[in-house]
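Residue-level listing of the chains:
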Amino acid sequence: MSAGMPAGLAEDLISIRRDLHQHPELGLDNPRTQQKILDALDGLGLEITLGRDLTSVVAVLRGGAGSGRAVLLRGDMDALPVAEDLDVDYASREPGLMHACGHDLHVAGLIGAARLLAARRDELAGEVIFMFQPGEEGPGGARIMLEEGLLDVAGVPVVAAYALHVGSAGERLGTWYGRSGPLMAAADEAVIRVIGAGGHGSQPHLAKDPVPVACEIVLAMQLMITRQFNAMEPMVLTVGKIVGGTKDNIIPDDATLELTLRTFDAEQRLAAQEAVRRLAEGIAAAHGLSAEVTWLMGYPVTVNDATEYAFLRATAEELFGADRYVDMPHPEAGAEDFSFVAEQVPSAYVFLSACPADDPLTAADNHSPRAHFDDSVVPDGALLLAELALRRLANPR
């Protein structure tokens, strides 16, 4: 596999990527993308399973030297509700939709891995599961695919899972970057409703004003982060929405806060949620009001298994050179639903820079309408995924 790409495959993968980029689809329903994947996999001799509650594609490649185990490779396929602001000839043709996170590159790369491995099936000491997943940007297609039997589809244990994500900023083009342990945050949402009693703005003593109490809760939560939790264990809490009232001289009955909490440890995640509930209810009670706190659980912490990550890094450095690999000193606060897979299977997840800009630090980042991904890295992504599967199945551990 390390010999490189077969003639013409790289160009074909880039063509697939650009076609997908022109036709982005959202959420769990990606029918055109699903058909594009099926067409691209046709003739490879794969066992195909389609999702029931989402337009996923799961393809199994049976190795010729079976070992009773499988490796999973994943590529997510959904786009974002972003209006593209790029002057490229393959720009989105769907108003208000854009592959602003590079998932079109992920799909093309996973198709490439399937083609590379299918050509060498006789050398595969086991099975490979190709996981084409909608809904990474929400509401969590990976969880649904697991519920639909993703890990059972090959009929043998899945011993490892691998995924990659391209970036449009931060590192120079072609750089791989990652870290062992926590890589990305758990991301949860909360709605806090502060319940008071409305009245006239001229007589607040006759009402129970929820607005200043809600504001006090916002400030107190930031203090909570710095005084109740270890500063060496990062946590991010952001209140993104405050709603209360209808007019300047009317005290409303209630006020609502909506927040996101991002944590990097499973125990800390639950402790912080309880601390938010306790703080909101306590502050409201201190003012003679009440508070209702509702948590909406999001994606778990994405954790790279130490052994699988070391294997991934060594493989990438052998294929592409140590000068193209960078250690991340800290996890990032974004969230990723591959974490649901990583909770059940030893996994490794790595980033690959697709940034075409001379200065990656000032380039538009993922999710921006100006995020620009250089698809020359697609063949590298395909090559790494394929090589990981080939080598991992040959290593029984």
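Right above here is the structure, for reference.
Residues numbered from 1 in each chain as written. Predicted model: local features only at pLDDT ≥ 70, side-chain atom pairs only at ≥ 80, totals over all residues. Heavy atoms only, no water.

> Which residues make up the pattern of salt bridges, and what are the values?
The full count for this structure, using the stated rule, is 27 salt bridges. A salt bridge links Arg-391 to Glu-387; the nearest nitrogen and oxygen atoms lie 2.7 Å apart. Here Arg-391 and its partner Glu-387 are both found in helix H9 (residues 378-394), four residues apart, which amounts to about one turn of the helix. Assessed through its relative accessible area of 5%, Glu-387 is described here as buried. (Salt bridge = Lys/Arg side-chain N within 4 Å of Asp/Glu carboxyl O. Helix = DSSP H or I, 4+ residues; strand = E, 2+ residues; numbered from the N terminus. Buried < 20%, exposed > 50% of the residue type's maximum accessible area, 1.4 Å probe, protein only.)

> Account for the sheet that holds strand E3 (residues 70-76), naming residues and giving values.
Taken in spatial order, the eight strands line up as E1-E2-E4-E3-E5-E16-E6-E15 in an open sheet, and their pairing is mixed. Each end of this open sheet is capped by a strand with a single partner; those strands are strand E1 (47-50) and strand E15 (325-327). For this sheet the average axis-to-axis angle between neighbouring strands, irrespective of direction, equals 25 degrees. Packed onto the sheet, helix H2 (residues 31-41) meets E1, strand E2 (57-62) and strand E4 (127-133) and runs at close to 15 degrees relative to E2. Strand contacts of helix H7 (residues 306-320): strand E5 (158-167), strand E6 (176-178), E15 and strand E16 (347-353), with the helix running at about 145 degrees to E15, the strand carrying the most contacts. (Pairing = 2+ DSSP bridges. Axes fitted to C-alpha atoms, helices over the stretch in contact; angles between N-to-C directions. Contact = heavy atoms within 4.5 Å.)

> Which residues make up the layout of surface pockets, and what are the values?
Taken as a whole, the largest pocket encloses approximately 920 Å³ of empty space. Forming the walls of the largest pocket are 41 residues, and the residues nearest its centre are Arg-262, Gly-334, Ala-335, Glu-336 and His-367. Looking at the lining of the largest pocket, the elements with two or more residues in it are E5, strand E8 (186-195), strand E10 (235-244), strand E12 (254-263) and strand E13 (290-299). Looking at which element gives the most residues to the lining of the largest pocket, the answer is E8, with five residues. The volume enclosed by the second largest pocket comes to roughly 170 Å³. Ala-186, Phe-264, Asp-265, Ala-266, Arg-269, Leu-270, Pro-300, Val-301, Val-303, Ser-339, Ala-342 and Glu-343 together form the lining of the second largest pocket. Counting residues per element, the ones that place at least two in the lining of the second largest pocket are helix H6 (266-286) and helix H8 (339-342). Ranked by residue count, the leading element in the lining of the second largest pocket is H6, at three residues. (1 Å grid on protein atoms, 1.4 Å probe; cavity = no way out; pocket = protein on both sides within 12 Å on 5 of 7 lines; lining within 4 Å. Points joined across faces, edges and corners; volume = space filled by probe spheres on them.)

> So what's going on with H9? Which residues, and what values?
The periodicity of an α-helix, 3.6 residues per turn, causes residues three or four places apart in sequence to face the same way. With 17 residues, H9 should reach 24 Å at 1.5 Å per residue; the first-to-last C-alpha distance of 25 Å fits that figure. Taking burial as the measure, the 17 residues of H9 include 15 buried ones, the bulk of the element. (Expected span 1.5 Å × (residues − 1).)

> So what about the pairing of E5? Which residues, and what values?
A large share of E5 lies buried, amounting to nine of its ten residues. The pairing of E3 with E5 spans five bridges and is classified as parallel. The residue bridging Ala-70 from the neighbouring strand is Val-158, located in E5.

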